[in-house]
Amino acid sequence: MEKTKIAVLVSGGGTNLQALIDAEKAGNIPHGKISLVVASKPGVFALERAAKAGIPSVVIERKTYADKPSFEEALLKVLKENGIQMIVLAGFMLVLSADFVKHYPDKIINVHPALIPSFCGDGFYGLHVHEAALKYGVKVTGATVHFVNEVTDGGKIILQKAVDILEGDTPEVLQKRVMEQAEWIILPKACEIVAEKLAKEVALSEDFDDYDSNGKIPLKTLLHHDK
Ligand code: GAR
């Protein structure tokens, strides 16, 4: 079975990218291959992580494009040119439009550093999420991996993991604990769940195509007529 070709989109340090690279190396993402890293900014440390792992990378900066549609068009072009079948947002700080998302339905996943539906949506990213959790006074937070749809942090949840908030936590201390105890664990797991599903779908559709080459009635056609 062909592995699902994955692009990881990043904007910063890339510790979640590193967790994915390490998981793939350890054989924990057997149905996926990290084939491309796309950074939204030049010079971010995530690019060094990609280079060290021998993964091709590209920088596509929002500000070098006139508007969001032309930025997303450039992003889509690079993804398609590289045969990317699945996208992982790993600390990617831009919100993708509904127009973009429809090119990869149920094929984009995101890691968010809170238990959705708490502390999520527009304006909740990075350290701000932990600041908000501490300000509210919740005793438990965590991380969520979810599908990306047209609503910010609104897609179907794939995995979540809870993390305790401790006395004296600062946003930075809490961010590190959430990463270590939740994000770096559930992101690779969710990545494999989706990569496996997509790899199997592709294999199945190729099986259907075999019927054509054998001169039989294609199964696809039969299914279509049943509707
Ligand atoms: C991570 O905590 C990730 O969950 C968060 O940014 C950090 C990126 O760290 N993402 C969001 O807030 C998206 N809404 P990393 O670059 O070290 O992976």
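Up top is the structure.
Since we're looking at a predicted model, the values are computed, not measured. (Residues numbered from 1 in each chain as written. Predicted model: local features only at pLDDT ≥ 70, side-chain atom pairs only at ≥ 80, totals over all residues. Heavy atoms only, no water.)

**Student:** How do you make sense of the nonpolar core when you look at a structure like this?
**Tutor:** In globular proteins that are soluble, nonpolar side chains generally tend to be buried together. Formed by 42 residues in total, the largest nonpolar core has its most connected members in Val8, Met86, Val88 and Ile109. With 10 residues, the single largest contributor to this core is helix α6 (residues 171–213). Beyond its immediate chain neighbours, meaning those up to four positions away, methionine 86 contacts Thr4, Lys5, Ile6, Ala7, Tyr104, Lys107, Ile109, Cys191, Val194, Ala195 and Leu198. Among the nonpolar cores identified, the runner-up in size contains 21 residues, and Phe71, Leu75, Val78 and Ile84 belong to it. (Core = buried A, V, L, I, M, F, W, Y, C linked by side-chain atoms within 4.5 Å. Buried < 20%, exposed > 50% of the residue type's maximum accessible area, 1.4 Å probe, protein only. Helix = DSSP H or I, 4+ residues; strand = E, 2+ residues; numbered from the N terminus. Contact = heavy atoms within 4.5 Å.)

**Student:** Just checking my understanding: could you explain the pairing of strand β2 (residues 32–39) for this structure?
**Tutor:** Each regular strand displays side chains that alternate between the two surfaces of the sheet. In terms of residue burial, β2 counts as a mostly covered element, since 7 of its 8 residues are buried. After leaving strand β1 (residues 4–10), the chain enters helix α1 (residues 15–25) and then returns to the sheet as β2, a path that is right-handed. Taken together, the 3 bridges between β2 and strand β3 (residues 57–59) define a ladder with parallel strand orientation. For valine 38, the partnering residue across the bridge sits in β3 and is valine 58. In terms of handedness, the path from β2 via helix α2 (residues 45–53) over to β3 forms a crossover that is right-handed. (Right-handed = clockwise from strand over helix to strand, strands pointing away. Pairing = 2+ DSSP bridges.)

**Student:** Hey, could you run me through the site of the ligand in this one?
**Tutor:** Taken together, 14 residues form the shell around the ligand, and within it Gly14, Thr15, Asn16, Gly126 and Glu183 come nearest. Here asparagine 16 contributes a side-chain N or O atom positioned 2.9 Å from an oxygen atom of the ligand. In the model, an oxygen atom of the ligand is placed 2.7 Å from a nitrogen or oxygen of the glycine 126 main chain. Out of a free accessible area of 450 Å², the ligand has 92% covered by protein chains. Residue assignment for the shell around the ligand shows that the elements contributing at least two residues are α1, β5 (108–112) and α6. Residue composition of the shell around the ligand, by class: 6 nonpolar, 7 polar and 1 charged. (Near = heavy atom within 4 Å. Polar contact = N/O pair within 3.5 Å; in protein donor to acceptor, adjacent residues only side chain to side chain. Areas by Shrake-Rupley, 256 points an atom, 1.4 Å probe, with all protein chains shown as cover. Nonpolar A, V, L, I, M, F, W, Y, C, P; charged D, E, K, R; others polar.)

**Student:** What exactly am I supposed to notice about the pattern of salt bridges here?
**Tutor:** Here the idea is simple: oppositely charged side chains can pair when their charged atoms come close. Taken as a whole and judged by the stated rule, the model has 7 salt bridges. The salt bridge partner of lysine 77 is glutamate 81, with a shortest N-O separation of 3.1 Å. Here glutamate 81 and lysine 77 lie together in helix α3 (residues 68–81), a separation of 4 residues that amounts to about one turn. By relative accessible area, glutamate 81 is classed as exposed at 56%. (Salt bridge = Lys/Arg side-chain N within 4 Å of Asp/Glu carboxyl O.)

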